[in-house]
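Letter by letter, the chains look like this.
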Amino acid sequence: MGFVKLSSAADCCGCSACADICPVGCIKMVPDDEHFLYPQVDEKCCINCGKCKNVCPVINSDKLKLSVSDDKAYAFVSDDVELIKGSSSGGAFSVIMDSFSDTEDEYVIFGSAFDGTEVVHKSVNSREKADIFRKSKYVQSDARGTYKKVKADLEEGKKVLFSGTPCMVAALKGFLGKEYDKLLTVDIVCHGVPCQYVFSKYLVELGEKYSSKVNCVSFRIKKDYETENPNPRTVDLVFDGGKKINLDIAGCEYLYGFHHGMFFRPSCYKCKFATPERPGDITLGDYWGIEKIKDNLNSKKGVSLVRFNTDKGKLYSEGLNEAGEVYETSYAFACDENYQLRKPAKPHRNRDSFFALLNKNGSVIESVNICKKPDTIFRKVLRKIKKIITN
Ligand SMILES: Cc1cc2nc3c(=O)[nH]c(=O)nc-3n(C[C@H](O)[C@H](O)[C@H](O)COP(=O)(O)OP(=O)(O)OC[C@H]3O[C@@H](n4cnc5c(N)ncnc54)[C@H](O)[C@@H]3O)c2cc1C
């Protein structure tokens with residue numbers, strides 16, 4: 001047994017397309033020391049067909065990204081305030097699902113959903129059931145088996161909407177290996193993904209603190225929505241028995257670690273899809289900075305950034321126009337304001353120490369609190385010297 005050497009372990013995005021495509025089922029996704037899933041191949045049954053390499057979105061990233069000549073992007077805000085509150089940004093994804101499902105054809109929608117407190121890719125065959133995909137889940141979505149299911153649905157002639165991080169959308173395109181008219185792909189702008197282990201461990205620790213098990217989580221609660229200055233960086237946690245708490249970034253070690261890049265997958269810091277060129281028919285994100293050019297829009301309340309990368313994607317502009325306010329901007333401006341459309345996230349200075357501590361003391365809360373302590377001047381100088389020497 002050995003880990004699949006697709007490029008280097010630090011590059012593997014953990015999409016699991018290689019495991020899905022293996023014709024003899026000899027690739028399994030197994031956790032490493034940091035608890036991220038990596039493909040492991042049973043060399044005894046490997047037939048060296050090379051399909052795992054052909055499907056890898058990291059190796060083939062350049063081929064899988066679309067180049068679009070126009071410089072247009074759109075800010076979108078739904079007319080329905082409840083929809084905005086129940087979405088991470090301005091609700092564009094829900095409106096796209098509405099238009100997609102307005103059809104006589106049989107259809108399937110794929111996206112990331114909670115299964116209890118585990119984050120997994122799921123599929124549903126009706127719009128009513130698809131609200132499980134709404135809102136960001138700040139954990140890597142387990143996509144094992146998903147690409148096979150998409151292919152099977154497309155081969156049966158169904159319409160398919162697939163949404164996920166750009167590496168997952170690129171993985172799907174590589175897996176399918178050809179265009180399907182009935183497939184619509186939506187990639188979301190992505191900061192980076194933590195592993196399920198760290199998230200689950202954090203929830204267990206919170207459960208101990210509050211003497212009850214966390215059974216439901218919702219990120220991106222827009223606290224104080226009615227005010228001019230809502231806080232989108234908060235999370236709702238519901239415990240067994242119904243007790244509910246809301247934590248903001250100052251009170252939630254997990255949110256702190258997430259927003260400071262303390263425990264992302266190593267490949268996220270080198271992400272080949274944190275670029276203006278995207279793999280999906282449509283790209284969705286937060287339209288940060290829109291208030292600089294449009295008075296009545298406040299990105300903290302939730303404004304979607306929408307970019308159409310294909311003609312198929314553009315067909316969804318009409319639905320957005322009917323469902324809310326759409327404001328055209330240049331894509332260059334959107335990219336300037338949105339770091340993740342230009343560059344991967346930077347690792348927190350103590351990222352590696354976080355995992356070392358976690359494996360030693362077993363506590364996410366304790367490890368984050370140690371790692372977030374301000375640096376001493378001595379260590380700052382030491383880091384600068386190290387940087388000069390290694391460059
Ligand atoms: C881990 C993560 C990091 C993000 N980082 C950024 C960022 O740095 N900058 C930025 O502009 N936008 C980022 N986003 C995207 C943004 O917050 C919104 O998800 C996006 O704008 C869509 O919002 P919406 O209001 O249109 O719809 P929503 O209803 O919020 O859309 C939810 C969509 O996100 C997908 N999704 C949710 N969680 C996951 C997951 N774990 N893995 C894969 N797909 C998921 C669902 O399948 C669905 O398509 C991030 C999202 C996630 C999940």
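The structure displayed is predicted, hence computed values, not measured ones. (Residues numbered from 1 in each chain as written. Predicted model: local features only at pLDDT ≥ 70, side-chain atom pairs only at ≥ 80, totals over all residues. Heavy atoms only, no water.)

Let's talk about the overall build of the protein chain
Now for step 1: Along its length, the protein chain carries 16 helices and 14 strands.
Now for step 2: Relative to the 2.2 N^0.38 estimate, which gives 21 Å for 391 residues, the radius of gyration of the protein chain is 21 Å and therefore close to what a compact globule would have.
Now for step 3: The dimensions of the protein chain, computed from C-alpha atoms along their principal axes, are 60 × 60 × 50 Å.
Now for step 4: Sorting the 391 residues of the protein chain into buried and exposed places 54% on the buried side.
Now for step 5: Partitioning the contacts of the protein chain with sequence separation of at least 6, the portion at a separation of at least 24 is 68%. (Helix = DSSP H or I, 4+ residues; strand = E, 2+ residues; numbered from the N terminus. Rg over C-alpha atoms; globule rule 2.2 N^0.38 Å. Buried < 20%, exposed > 50% of the residue type's maximum accessible area, 1.4 Å probe, protein only. Contact = heavy atoms within 4.5 Å.)

Description of unusual backbone geometry
Now for step 1: One non-glycine residue, lysine 135, adopts positive backbone phi at about 80°.
Now for step 2: Looking at the element boundaries, lysine 135 is found in the loop between strand S6 (118-124) and helix H6 (146-155).
Now for step 3: Unlike most non-glycine residues, serine 211 shows phi in positive territory, near 55°.
Now for step 4: Mapped onto the elements, serine 211 comes out in the loop between helix H8 (196-210) and strand S9 (214-219).
Now for step 5: On the basis of relative accessibility, which here comes to 69%, the residue serine 211 falls in the exposed class.

What about the environment of arginine 307?
Now for step 1: With respect to the secondary-structure elements, arginine 307 resides in strand S13 (residues 304-308).
Now for step 2: Relative accessible area serves as the criterion here: at 3%, arginine 307 is assigned to the buried category.
Now for step 3: Sequence spacing of arginine 307 and serine 317 is 10 residues, and the spatial spacing of their C-alpha atoms is 9.8 Å.
Now for step 4: Leave out the neighbours within four places in its chain, and arginine 307 touches Val68, Asp70, Asp71, Lys72, Asp281, Ile282, Thr283 and Tyr331.
Now for step 5: In terms of polar contacts, arginine 307 uses its side chain to reach the backbone carbonyl oxygen of lysine 72, at 2.8 Å. (Polar contact = N/O pair within 3.5 Å; in protein donor to acceptor, adjacent residues only side chain to side chain.)

Some details on helix H14 (residues 351-361)
Every α-helix winds through 3.6 residues per turn, so residues three or four apart in the chain are directed the same way.
Now for step 1: Turning to H14, its buried residues are Arg351, Phe354, Phe355 and Leu358. Down the axis, H14 shows its buried residues gathered within 90° of arc, on one side only. Residues of H14 that are exposed and point over 90 degrees away from its buried face: Asp352 and Lys360.
Now for step 2: Buried residues along H14 sit in contact with H8 and helix H15 (364-371).
Now for step 3: Once H14 ends, the next one or two residues include glycine 362, with phi positive near 75°. (Arc of directions from axis to C-beta.)

Topic: the packing of aromatic side chains
Now for step 1: Under the definition given, this model contains 20 aromatic pairs.
Now for step 2: Taken together, a centroid distance of 6.3 Å and an interplanar angle of 40° make the contact between phenylalanine 110 and phenylalanine 162 tilted. Here phenylalanine 110 is found in strand S5 (residues 107-115), whereas its partner phenylalanine 162 is found in strand S7 (residues 159-164), with 52 residues between them in sequence.
Now for step 3: On the basis of relative accessible area, phenylalanine 162 is assigned to the buried category, the value being 0%. (Phe/Tyr/Trp six-rings, centres within 6.5 Å; stacked < 30°, edge-to-face > 60°.)

Regarding the site of the ligand
Now for step 1: The ligand sits among 33 residues. The nearest are Ser89, Lys137, Val189, Asp286 and Asn338.
Now for step 2: Take lysine 137: an N or O atom from its main chain is 2.8 Å from a nitrogen atom of the ligand.
Now for step 3: One nitrogen or oxygen atom from the main chain of aspartate 286 is found 2.8 Å from an oxygen atom belonging to the ligand.
Now for step 4: Listed by contribution, the elements that provide at least two residues to the shell around the ligand are helix H5 (92-101), S5, S7 and strand S12 (282-286).
Now for step 5: With 3 residues, S12 is the single largest residue contributor to the shell around the ligand.
Now for step 6: Across the shell around the ligand, the residue classes tally to 10 nonpolar, 18 polar and 5 charged. (Near = heavy atom within 4 Å. Nonpolar A, V, L, I, M, F, W, Y, C, P; charged D, E, K, R; others polar.)

Purely geometric numbers; function is a separate question.
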